[in-house]
Amino acid sequence: MTDTANSYNSLLKSQQVKALELRTSKAKERIKKLKSIKSWIEDNEEIICDALYSDFKKSRHETYLSEIMPMYGEIRYIIKNLKNWMYPKSVSVPLFFTGTSNIRIPQPKGNALIISPWNYPFLLTMKPVLSAIAAGCTVIIKPSELTENTSELIKKMMHELFTEDEITVITGGADTAIELQKLPFNHVFFTGSPKVGKLVMIAAAKNLASVTLELGGKSPTIVDETANLKEAAIKIAYGKFLNAGQTCIAPDYLFVHTKVKDKLLEEIQSYLKKLNDDPENYSKDYCRIINKGHFSRIVGLIKEAESEGAQVITGGHSRESDAFLEPTLLTQITPEMRIMKEEIFGPLLPVLEFTNLQEVTSFINKNEKPLALYIYSKNRGNQDFITKETSSGSVVINDFAIQFIYHGIPFGGINNSGTGYSGGEEGFKEFSHLKPVIKNHFSPSPLFYPPYTKFVKKLTRFAAKYLA
């Protein structure tokens, strides 16, 4: 075993000891830790914004809106509800088990590994950490190496607020993540691509660790002929080009009814023009692509689609020196193009048109289940048809991304777009084991024990028919 592996193993052992102590921690102790995180964020908002700007020129307002504000909301929600979540609950006693009682105790799973992504590096690291703290777990955090400044900031924060045997941050590349996953964690929480998610699940299976996978995929947006086009255009453009399209629940492609396609595209173009009409001096609030590798991949998608007949009707301008890529709309798209086969994760919006919704649902159902599906429509029948005829992590009607910060609603994918949930009570449960405790006070169950006399057999048949 290498020195690094020995170091990780020693760290996990110290956290295993700490986990036994935290198992019986009270709600007020966990709430105190959550409040300390909130206070740290309040005191360091500017530093957080600086780190994200350094990593990929994310503006201060966008950082506050999409990274800091959701953290405040999540912390307040957990603090308000944690005592109730931790309180043992019971279910009604089945007639067959009259004379017994039951409770279900949420206990921390123990030691957790959280592997977080680069696209929202502060929020998507800290949100599962909040759930782990609420559940009473110890945590090793492996943040993304692509957002080095934010990762170092999180490391500093955890060092100031927690001892290493409770929560610690280990930075490094893919080799570090692979090495950490060899350890016998009780739970692994991963946010990233489906491709890597499969590897995380394989690694976790070797230790029979439970997993939460927050993945992604190609999330469709559907606009029918009844939609409020101006409103839809603004929300689609905002949702797609927020964070330069580097959002797991961003609209990946647009299906629009033939009757309203031209008008919708005009509205989107009009909105984008208001943001900035000079691509060489694009709005300072517009994020950059995370690195040149991702930049080249996305530019390659544009060029390949154009070579196969696609038409860029807005945008397309790029600048490699600072990984700038203008918001881009493409029409004349066919399902066979690569841009329609892999998650874009960038500011490109392919546009397809339809004449009936069956075309749309059939297309969606032929592909992997998306993390999100967006519908813009005033027609309740159309809304219900799409919702019932497709499978996705979530459905949002006439809005964008609110499912991620909508307290009380579980957030997560299905199959290729993820497994398990994050945030709120569901996030608390992901890091908890709901242990049933059943107590026998005067149950007549021994009446069914052998020897199996005629009376026992009659009683068993009666119980099976009327009591079970």
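Residues numbered from 1 in each chain as written. Predicted model: local features only at pLDDT ≥ 70, side-chain atom pairs only at ≥ 80, totals over all residues. Heavy atoms only, no water.

Some details on the pairing of strand β7 (residues 220–223)
Then step 1. Neither face of β7 is open: one carries P220 and I222, the other T221 and V223, and all of them are buried.
Then step 2. The pairing of β7 with strand β8 (residues 253–257) spans four bridges and is classified as parallel. Across the sheet, residue V223 finds its bridge partner in β8, namely V256.
Then step 3. Since β7 and β8 lie parallel, the crossover through helix α9 (residues 229–241) that links them has a hand, and here it is right-handed.
Then step 4. In this sheet, strand β14 (residues 372–376) lies alongside β7 in parallel orientation, the contact comprising three bridges. Looking at β14, one finds that I222 is bridged to I375. (Buried < 20%, exposed > 50% of the residue type's maximum accessible area, 1.4 Å probe, protein only. Helix = DSSP H or I, 4+ residues; strand = E, 2+ residues; numbered from the N terminus. Pairing = 2+ DSSP bridges. Right-handed = clockwise from strand over helix to strand, strands pointing away.)

Overview of the sheet that holds β7
Then step 1. A sheet is described by the order of its strands in space; here seven strands give the open sequence β9-β12-β13-β8-β7-β14-β15, paired in mixed fashion. The open sheet is flanked by β9 (311–314) and β15 (394–397), the only strands paired with a single partner. Averaged over all pairs of adjacent strands, the angle between strand axes in this sheet comes to 25°, irrespective of strand direction.
Then step 2. Note that β9 and strand β12 (residues 328–331) share three bridges and pair antiparallel. Within β12, the residue paired with Q311 across the bridge is T331.
Then step 3. Its contacts with the sheet put helix α11 (residues 292–307) on β9, β12 and β13 (348–354), and the angle it makes with β13 is roughly 35°. (Axes fitted to C-alpha atoms, helices over the stretch in contact; angles between N-to-C directions. Contact = heavy atoms within 4.5 Å.)

Considerations on a nonpolar patch on the surface
Then step 1. A surface patch of nonpolar side chains, amounting to about 320 Å² of accessible area, comprises Y64, L65, M69 and Y238.
Then step 2. At three residues, helix α4 (residues 60–86) tops the list of elements feeding residues into the nonpolar patch.
Then step 3. Mapped onto the fold, Y238 is located in helix α9.
Then step 4. Exposure remark for Y238: the relative accessible area of 35% places this residue in the partly exposed category. (Patch = residues over 30% accessible without salt bridge, like charges linked within 9 Å, V, L, I, M, F, W, Y side chains within 5 Å. Areas by Shrake-Rupley, 256 points an atom, 1.4 Å probe, with all protein chains shown as cover. Salt bridge = Lys/Arg side-chain N within 4 Å of Asp/Glu carboxyl O.)

Some thoughts on the packing of aromatic side chains
Then step 1. Summed over the entire model, instances satisfying the criterion amount to 16 aromatic pairs.
Then step 2. Relative to F255, the ring of Y253 has its centre 6.0 Å away and its plane inclined at 75°; by these criteria the two rings are edge-to-face. The residues Y253 and F255 share a single accessibility class, namely buried.
Then step 3. On the basis of an interplanar angle of 80° and a centroid distance of 5.7 Å, the ring pair of Y253 and F363 is categorised as edge-to-face. Here F363 lies in helix α12 (residues 357–365) and Y253 lies in strand β8, a separation of 110 residues in the sequence. Residues Y253 and F363 agree in their burial class; the two are buried.
Then step 4. The rings of Y253, F255, F354 and F363 are connected pair by pair, giving a single aromatic cluster.
Then step 5. The cationic tip of K38 hangs over the ring face of Y72; the distance from NZ or CZ to the ring centre is 5.6 Å. (Phe/Tyr/Trp six-rings, centres within 6.5 Å; stacked < 30°, edge-to-face > 60°. Lys NZ or Arg CZ within 6 Å of the ring centre and 35° of its normal.)

Remarks on the environment of E46
Then step 1. For E46, the position within the fold is in helix α3 (residues 45–56).
Then step 2. With 47 residues separating them along the chain, E46 and V93 place their C-alpha atoms 54 Å apart.

A word on the pairing of strand β2 (residues 111–115)
Then step 1. The buried fraction of β2 is high, at five of five residues.
Then step 2. Side-chain alternation along β2 places N111, L113 and I115 on one buried face and A112 and I114 on a second face that is also buried.
Then step 3. Taken together, the five bridges between β2 and strand β3 (residues 138–142) define a ladder with parallel strand orientation. Looking at β3, one finds that A112 is bridged to V139.
Then step 4. For the crossover that starts at β2, traverses helix α5 (residues 123–135) and ends in the parallel β3, the hand is right-handed.
Then step 5. Alignment of β2 against strand β5 (residues 187–191), held across four bridges, turns out to be parallel. In the sheet register, I114 faces β5, and the bridge partner there is F189.

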